[in-house]
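For reference, the chains in residue letters:
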Amino acid sequence: MFYFPNVEKVQFEGTGSDNPFAFRHYNPDEVVLGKTMKEHLRFAVAYWHTLTQDGSDPFGQATNIRTWLADDPMQTARNRVEAGFEFFTKLGVPYYCFHDVDIAPEGETLKETFQNQDEIVTLLKEKMDETGVKLLWNTANMFSNPRFVHGAASTSNADVFAYAAAQVKKALEVGKELGAENYVFWGGREGYESLLNTDMKLEQDNMARFFHMAVDYAKEIGFDAQFLIEPKPKEPSKHQYDFDAATTMAFLQKYDLDKYFKLNLEANHATLAGHTFEHELNVARCYGALGSIDANQGDLLLGWDTDEFPTDLSAVTLAMYQILENGGIGRGGVNFDAKVRRGSFEMDDLFLAHIAGMDTFARGLKAAARLKEDGFFDKLIADRYDSFSTGIGAEIVAGKMDFHQLAAYATNHDRIQNKSSHLEMVKARLNEYLY
Ligand code: XLS
Ligand code: CA
Ligand code: CA
């Protein structure tokens, strides 16, 4: 049985094609800067947005037509595996990602929940072996169920802390079973609503304890995935502890966790934090902690996490530039943590949306490669910081100066001359690389 009978394997047809189910820019085998596009981009489909979410919003009911829905939730879960792998292989993505609750419904008891997962994990493994599609990362959903009302690892209720530990222990076992390349922690409810009743120090200490236990358990079972923390400033918590890349790195360093974790950065979370995506990627690079990305975009007119498919070429190019500067995304990938709009409710919209995102990333990669080949930013930056490559600047950088020497120097060089940055011209020249 096919869930997507209208769509064949999506092929690269180039910009001359008007076939909506073809790539115009993403050519998996095309070599860019010595690697194929497929190797650079390591695309992944997010189970929750593509196979699980139903198009409902706080004001209205589900709109999505999804032919895998059955009366029995376990049958729906089995059908999703079939539909998912048909989708991944027709789209030609090498990876997928999921939360535990995306793949299988929760049971009456924790034991039953794990049994449900075990049945579906067996099916997933069969499909992965058959198709070669791999798991980029898995994670535990510790935010949807009402038990997490006060948080998971940062909860005020020790029984919930234990429950969360059991859930992550299981998720690590599932990740090992399926050969996940990464494991993600996104702290949806790890934050607070009001400081009036919050012990912030205890909550953060407990989160660190939780992460150390996860590291220890992964080591114990020989699960060698890269651990990733995904920052987000708010939503659903009013104030989340992993606010942004810089805050998360400070947390990891404080608790001696930075050697075990890198960051999974999401474009829409960057904008919610008041940053650009490339800012977050650059911060991560400064720490050697750029692990993986969640590819999407927000709506700058709306202050919430809309998880739209990424189509803003300028933003994607600047993000891809950061990834190239990083020497690639390593074990991470480009995960489409993006959902079709509520009005795009047909099954085939799932293909159209992913093709739009993949083509935008392919164009962004090519534009970023041209910027790199031309040394566009390298030249600008070398010129701007030129004063640190010779003379007094070179001595400062080499650590040879102290305040006595600098004060003596400044006394003889107090007629300061600065250079203009010509930023408007830079922005106009950048446009020439995009379109
Ligand atoms: C929600 C997050 C979430 C993580 C995985 O805003 O983006 O989906 O990526 O838990
Ligand atoms: Ca995400
Ligand atoms: Ca999001």
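Preceding block: the structure.
Computed from a predicted structure; not experimentally measured. (Residues numbered from 1 in each chain as written. Chains lettered and ligands numbered in written order. Predicted model: local features only at pLDDT ≥ 70, side-chain atom pairs only at ≥ 80, totals over all residues. Heavy atoms only, no water.)

### A few points about the sheet that holds strand S7 (residues 134–139)
So, step 1. Strand order in the closed barrel formed by eight strands is S5-S6-S7-S8-S10-S12-S13-S14, with parallel pairing between adjacent strands. Neighbouring strand axes in the sheet, compared pairwise and without regard to direction, differ in orientation by 30° on average.
So, step 2. Pairing of S7 with strand S8 (residues 182–186), which is carried by two bridges, proceeds in the parallel orientation. Paired with Trp 137 across the bridge in S8 is Asn 182.
So, step 3. In the packing of helix H7 (residues 200–221) onto the sheet, the strands contacted are S8, strand S10 (226–230) and strand S12 (261–266), and the crossing angle to S10 comes to about 155°.
So, step 4. Of the strands in this sheet, S10 and S12 touch helix H8 (residues 245–254), which is tilted by about 165° from S12. (Pairing = 2+ DSSP bridges. Helix = DSSP H or I, 4+ residues; strand = E, 2+ residues; numbered from the N terminus. Axes fitted to C-alpha atoms, helices over the stretch in contact; angles between N-to-C directions. Contact = heavy atoms within 4.5 Å.)

### Things to note about the nonpolar core
So, step 1. Counting residues in each nonpolar core, the largest one holds 123 residues, and the members touching the most others are Tyr 47, Phe 88, Tyr 96, Leu 124 and Phe 361.
So, step 2. Ranked by residue count, the leading element in this core is helix H12 (residues 349–373), at 11 residues.
So, step 3. Each residue touching Leu 124, except ones within four places of it in the same chain, is listed here: Tyr 47, Val 81, Phe 85, Tyr 96, Phe 98, Ile 103 and Leu 178. (Core = buried A, V, L, I, M, F, W, Y, C linked by side-chain atoms within 4.5 Å. Buried < 20%, exposed > 50% of the residue type's maximum accessible area, 1.4 Å probe, protein only.)

### A short note on the coordination of the calcium ion (ligand 3)
So, step 1. Bound to the calcium ion (ligand 3) on the protein side are Glu 266 (OE), Glu 266 (OE), His 269 (NE2), Asp 305 (OD), Asp 305 (OD) and Asp 307 (OD), at distances that span 2.2 to 3.0 Å.
So, step 2. We note that the donor set of the calcium ion (ligand 3) lies within a single chain, spaced as E-x2-H-x35-D-x1-D.
So, step 3. Here the calcium ion (ligand 3) and the calcium ion (ligand 2) are spaced 4.5 Å apart, linked through Glu 266, which binds each one. Here the residue Glu 266 occupies a position in strand S12, and Asp 305 occupies one in the loop between strand S13 (290–294) and helix H11 (313–325), the gap between them amounting to 39 residues.
So, step 4. On the basis of relative accessible area, Glu 266 is assigned to the buried category, the value being 2%.
So, step 5. Residue Asp 305 is classed as buried on the basis of its relative accessible area of 10%. (Donors = N, O, S within 2.8 Å, 3.2 Å for Na, K, Ca; no water.)

### Points about the site of ligand 1
So, step 1. Taken together, Trp 48, His 99, Trp 137, Trp 186, Glu 230, Lys 232, Glu 266, His 269, Asp 294, Asp 305 and Asp 337 make up all the residues around ligand 1.
So, step 2. Between His 269 and ligand 1, the recorded distance is 3.1 Å, taken from a side-chain N or O atom to an oxygen atom.
So, step 3. Isolated, ligand 1 exposes 290 Å² of accessible area, and the fraction of that covered by the protein chains is 94%.
So, step 4. Most atoms of ligand 1, that is more than half of them, are within 2 Å of grid points of the second largest pocket.
So, step 5. Looking at the shell around ligand 1 residue by residue, the class counts come to three nonpolar, two polar and six charged. (Near = heavy atom within 4 Å. Polar contact = N/O pair within 3.5 Å; in protein donor to acceptor, adjacent residues only side chain to side chain. Areas by Shrake-Rupley, 256 points an atom, 1.4 Å probe, with all protein chains shown as cover. 1 Å grid on protein atoms, 1.4 Å probe; cavity = no way out; pocket = protein on both sides within 12 Å on 5 of 7 lines; lining within 4 Å. Sits in = over half its atoms within 2 Å of the grid points. Nonpolar A, V, L, I, M, F, W, Y, C, P; charged D, E, K, R; others polar.)

### With respect to the environment of Tyr 260
So, step 1. Position of Tyr 260 among the secondary structure elements: in the loop between H8 and S12.
So, step 2. In this structure Tyr 260 comes out as partly exposed when scored by relative accessible area, which is 29%.
So, step 3. Residues Tyr 260 and Ala 289 lie 29 residues apart in sequence; the distance between their C-alpha atoms is 10.0 Å.
So, step 4. In contact with Tyr 260, not counting residues within four places along its chain, are His 212, Val 215, Gln 226 and Phe 227.

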